Amino acid sequence: MNKTDKTVNEKRWRARKRKELAKTLLRAIATVGVITVASTSPYFLLKLLRSIFGDRKDKKKESVLTRTLHYLREKKFITIEEKDGKISMILSEKGKCKAQEYDFDEMALPRKRRWDGKWHIVIFDIAHKKKGAREALREKFRELGMIMLQKSVWVWPYECRNEIQMIQNTFDLDANEVNYMVADYIEEERKLRKHFNL
């Protein structure tokens, strides 16, 4: 590998790790609201760093942490305040939205070992003026592995009410536009059971 290739690979590695670390930090702060550490003892940050990069201490990896914090603050995803010998990382409203985006992008619908025999159905009726949201909703259902019974009717074999609510909120759709229901029986159920290995 020549010097140019090595430099390019290192830049890609840094960018990838910064993205991973940004996700972890935003999600961690979103969970508790504020993260505060003693400015003389950055134990939490080092622990977080090792959870992503491994136990081995590496100056290059630690520099990624520093750059990531700078990136998050520059983008106004977090604010960093120092007071009374402590450093606090606070999630902004913009940061909350970004953390929700990460959760949304990596969402997966629940699966259980045993099926209770019920079908979880989502029916939507979205106006043409919201065509973009309607198409995005279909694409998200398809991505999650749901089956389309009809053009605006999708089904999943397990409870997924919370996930559907999150999708609904993300696309700014109300209860009149997206309806969640549970059914004991669906015609041609055999095909669905075969598809979902039930």
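The residue numbering used here restarts from 1 in each chain and proceeds along that chain's sequence as written. The predicted origin of the model limits local features to residues at a pLDDT of at least 70 and limits the giving and counting of side-chain atom pairs to 80 or more, whereas totals for whole chains, interfaces and linings rest on all residues. Water and hydrogen atoms play no part in the side-chain values, which are based on all heavy atoms of the structure.

**Regarding the sheet that holds strand β4 (residues 119-124)**
Here comes step 1: Strands are treated as partners if at least two bridges between them are detected by DSSP. Helix and strand definitions follow DSSP, with helices as H or I runs of at least four residues and strands as E runs of at least two, each counted in order from the N terminus. Taken in spatial order, the 4 strands of this open sheet run β5-β6-β4-β7, and their pairing is antiparallel. The open sheet has two edge strands with one neighbour each: β5 (147-150) and β7 (178-183). Across this sheet, the average inter-strand angle for adjacent strands is 30°, counted without regard to direction.
Here comes step 2: Examined bridge by bridge, β5 and strand β6 (residues 153-156) share 3 bridges and lie antiparallel to one another. Paired with Q150 across the two strands is V153, which belongs to β6. Simply put, an axis is a line fit to the C-alpha atoms, just over the touching stretch for a helix, and the angle between two N-to-C directions goes from 0 to 180 degrees.

**Quick notes on the environment of R113**
Here comes step 1: The residue R113 is located in the loop between α4 (93-105) and β4 in this model.
Here comes step 2: The classification of residues rests on relative accessible area computed with a 1.4 Å probe and restricted to protein chains. Under 20% of the type maximum is buried, over 50% is exposed, and intermediate values are partly exposed. With a relative accessible area of 88%, R113 lands in the exposed category.
Here comes step 3: Residues R113 and L198, 85 residues apart in the sequence, show an inter-C-alpha distance of 9.6 Å.

**Considerations on the packing of aromatic side chains**
Here comes step 1: Whether two aromatic rings pair depends on their centres lying within 6.5 Å, for rings of Phe, Tyr and Trp, where Trp uses its six-membered ring; planes under 30 degrees apart make the pair stacked, over 60 edge-to-face, and the rest tilted. Within this structure, the stated rule accounts for 7 aromatic pairs.
Here comes step 2: An angle of 65° between the planes, with centres 6.4 Å apart, marks the rings of Y71 and F77 as edge-to-face.
Here comes step 3: Of the residues examined, Y71 reaches a relative accessible area of 21% and is grouped as partly exposed.
Here comes step 4: Judged by relative accessible area, which is 8%, F77 ranks as buried.
Here comes step 5: With 4.8 Å between their ring centres and 55° between their planes, W115 and W119 make a pair best called tilted.

**Some details on the environment of Q150**
Here comes step 1: Counting through the fold element by element, Q150 comes out in strand β5.
Here comes step 2: Considered as a pair, Q150 and I123 are 27 residues apart in the sequence and their alpha carbons are 9.2 Å apart.

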